[in-house]
Amino acid sequence: QSETPLHRHLYDQMAGLILSGALEPGARIPASRALAEDLGVSRPTVIACLEQLVQEGYIETKPNAGSFVSSNLRQETL
């Protein structure tokens, strides 16, 4: 019942895991469909979260390989 959008809650959780080291640099992020199914949320919610994480430098995408925790987090994210 929060006013904060669900994708933002997911973003906060994932960014926290990355910053805490629970998700290490280079760790593969599950595909959006699998992540949505595992978390019980819609795929567009997961995609919005992942896009924000990419824009802010927390994760990077590699063509035909998937998404990974960035090994070069931008200084302003830390």
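The structure reproduced in this document is the subject of the present report. In this text, all values refer to a predicted model and were calculated from it rather than measured experimentally.

Definitions and limits used
Starting afresh in each chain, residues are numbered from 1 along the sequence in its written order. Where totals are concerned, whole chains, interfaces and linings use all residues; where local detail is concerned, this predicted model gives features only for residues with pLDDT of at least 70, and gives and counts side-chain atom pairs only at 80 or more. Neither water nor hydrogens contribute to the side-chain values; these are computed over all heavy atoms in the structure. What counts as a helix is a DSSP run of H or I of at least four residues, what counts as a strand is a run of E of at least two, and both are numbered from the N terminus. Within this document, salt bridges are pairs made up of a side-chain nitrogen of Lys or Arg and a carboxyl oxygen of Asp or Glu, the two lying within 4 Å of each other. When a residue's accessible area, from a 1.4 Å probe over protein chains only, is under 20% of the maximum for its type it is buried; when over 50% it is exposed; and in between it is partly exposed. The contact definition used throughout considers only heavy atoms, calling two residues in contact when any of these lie within 4.5 Å.

Some points on unusual backbone geometry
So, step 1. At Asn 64, a position not held by glycine, the phi torsion is positive, near 60 degrees.
So, step 2. By the element assignment, Asn 64 lies in the loop between strand S2 (59-62) and strand S3 (66-69).

Thoughts on the pattern of salt bridges
So, step 1. By the definition in use, this model includes one salt bridge.
So, step 2. With a closest N to O distance of 3.1 Å, Arg 8 and Asp 12 form a salt bridge. Here Asp 12 and Arg 8 lie together in helix H1 (residues 6-20), a separation of four residues that amounts to about one turn.
So, step 3. Judged by relative accessible area, which is 34%, Arg 8 ranks as partly exposed.
So, step 4. Asp 12 sits in the partly exposed class, given a relative accessible area of 37%.

Some points on the side chain of Thr 45
So, step 1. Within the secondary structure, Thr 45 is located in helix H3 (residues 43-55).
So, step 2. A relative accessible area of 16% means that Thr 45 is categorised as buried.
So, step 3. Ignoring sequence-local partners within four residues, the contact set of Thr 45 consists of Leu 6 and His 7.

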